[in-house]
Amino acid sequence: MTDRAVLLWIHGGGWRARSEEDGGALAPLGLRVVPATYRFAAEARWPAQLDDVRAAARDARAAAGGLPLLVGGDSAGAMLALHLGLRGVDRPGDVHGVLAYWAPVDPLDPDWRRLRRHDDPWAGLLGHPPAPGDAATADATVASHLGSGVPVLLVHGRDDAAVPAAQSVGLAGRLLAAGHPAHLWLTHGGHALDLDRPDIRAVTAAFLDRVLPPA
């Protein structure tokens, strides 16, 4: 299949490790998948991770040969993909779309804080526990950066015990209210689902047909 776009894939792992998912299952949908790396929380605090994936996106765009640039990721990588897509590589709106799978997006979400009160990866990312009124917490919250109009796909398992599904549900509503074409697929299963699962593959393909030129 001819490549329709370049997908910069940002791995998950709680901003402190590398998950096994590499986004390769999406390549048959016409995507040239390019991996991105970033410094873990133990090496550098937020927003160093966004700086790193922006640099990776510039390299991917330069090598894309004119193909559209998408950004995507799973879990913590999906949060970084959302920031990169919504805020832009160099300016808001310079990314064609975001594919975010089971993304943590709100460090102050009460469900998240109950679930992860003894092990909160956001605290490691920020260098301190997230708190209302804290500038770093606000900057790391995805919904602080809406309005560029970039299309977003959100996929989440209803029974996710690592990242509450309400994170994606709530963000979808805020994206729509801010004028973003937002596609939400809330499905069965937990965290780190198989990207090649038929329903996830189908909803991803439908999103690509919406945001990319015809194959």
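Please read all numbers here as calculations on a predicted model, not as lab measurements.

> How would you sum up the pattern of salt bridges? Please name residues and give values.
Within this structure, the stated rule accounts for twelve salt bridges. Notably, a salt bridge pairs arginine 61 with aspartate 90, separated by 2.5 Å at the nearest N-O pair. With arginine 61 in helix α1 (residues 48-62) and aspartate 90 in the loop between α2 (76-87) and β4 (97-101), this pair connects stretches of sequence that are 29 residues apart. We classify aspartate 90 as partly exposed; its relative accessible area is 46%. Salt bridges here are not isolated pairs; linked through shared partners, they connect Arg58, Arg61, Asp90 and Asp94.

> Give me the pairing of β4: which residues, what numbers.
The buried count for β4 comes to five of five residues, which makes it a mostly enclosed element. Across the two faces of β4 the burial is the same, with Gly97, Leu99 and Tyr101 and Val98 and Ala100 all buried. In this sheet, β4 lies alongside strand β3 (residues 69-74) in parallel orientation, the contact comprising five bridges. Within β4, the residue paired with glycine 72 across the bridge is leucine 99. Since β3 and β4 lie parallel, the crossover through α2 that links them has a hand, and here it is right-handed.

> If you had to explain the UniProt feature "domain: BD-FAE-like" (unreviewed entry) in the protein to someone new, which residues and values would you point to?
Residues annotated in UniProt with the feature "domain: BD-FAE-like" (unreviewed entry) correspond here to residues 5-174. The annotated region residues 5-174 carries 32% helix and 17% strand content, and the separation between its end C-alpha atoms amounts to 27 Å.

> Tell me about the packing of aromatic side chains, and please be specific about residues and values.
Following the criterion strictly, the structure yields five aromatic pairs and no others. Plain terms: the ring middles of tryptophan 9 and tyrosine 101 are 6.1 Å apart, the flat faces sit at 40 degrees to each other, and that makes the pair tilted. On the criterion of sequence distance, the pair formed by tryptophan 9 in strand β1 (residues 5-10) and tyrosine 101 in strand β4 is long-range, its members being 92 residues apart. Its relative accessible area of 2% is what places tryptophan 9 among the buried residues. On the basis of an interplanar angle of 80 degrees and a centroid distance of 6.5 Å, the ring pair of tryptophan 112 and tryptophan 122 is categorised as edge-to-face.

> Hey, could you go over unusual backbone geometry for me, with residue numbers and the actual values?
Most peptide bonds take the trans configuration, and most residues that are not glycine carry a negative phi. Between tryptophan 46 and proline 47 the backbone carries a cis peptide bond, its omega angle lying at 10 degrees. Along the chain, proline 47 falls in the loop between β2 (31-36) and α1. The residue tryptophan 15 is not glycine, and still its phi comes out positive at about 60 degrees. Looking at the element boundaries, tryptophan 15 is found in the loop between β1 and β2. Residue tryptophan 15 is classed as buried on the basis of its relative accessible area of 1%. With phi around 55 degrees, serine 75 is a residue other than glycine that occupies positive phi space. Tracing the chain through its elements places serine 75 in the loop between β3 and α2. Under the relative-accessibility criterion, serine 75 is labelled buried at 12%.

> Describe the packing of α1 against α2, and please don't skip the residues or the numbers.
Close contact between α1 and α2 brings their axes to 10 Å; oriented N to C, the two are set at 65 degrees. As summarised for this structure, α1 and α2 are arranged roughly perpendicular, according to the angle between their axes. Crossing geometry of α1 relative to α2 is assigned as right-handed. Note on element contacts: α2 touches α1 through Leu80, His83, Leu84 and Arg87, opposite Gln49, Leu50, Val53, Arg54 and Ala57. Here the contact of α1 with α2 is built from residues that sort into five nonpolar, two polar and two charged.

Rules used in this analysis
Residues numbered from 1 in each chain as written. Predicted model: local features only at pLDDT ≥ 70, side-chain atom pairs only at ≥ 80, totals over all residues. Heavy atoms only, no water. Salt bridge = Lys/Arg side-chain N within 4 Å of Asp/Glu carboxyl O. Helix = DSSP H or I, 4+ residues; strand = E, 2+ residues; numbered from the N terminus. Buried < 20%, exposed > 50% of the residue type's maximum accessible area, 1.4 Å probe, protein only. Pairing = 2+ DSSP bridges. Right-handed = clockwise from strand over helix to strand, strands pointing away. UniProt positions renumbered as here; feature names shortened; annotations may be inferred. Phe/Tyr/Trp six-rings, centres within 6.5 Å; stacked < 30°, edge-to-face > 60°. Axes fitted to C-alpha atoms, helices over the stretch in contact; angles between N-to-C directions. Parallel < 35°, antiparallel > 145°, perpendicular 65-115°, else oblique. Left-handed = near helix turned anticlockwise from the far one by under 90°. Contact = heavy atoms within 4.5 Å. Nonpolar A, V, L, I, M, F, W, Y, C, P; charged D, E, K, R; others polar.

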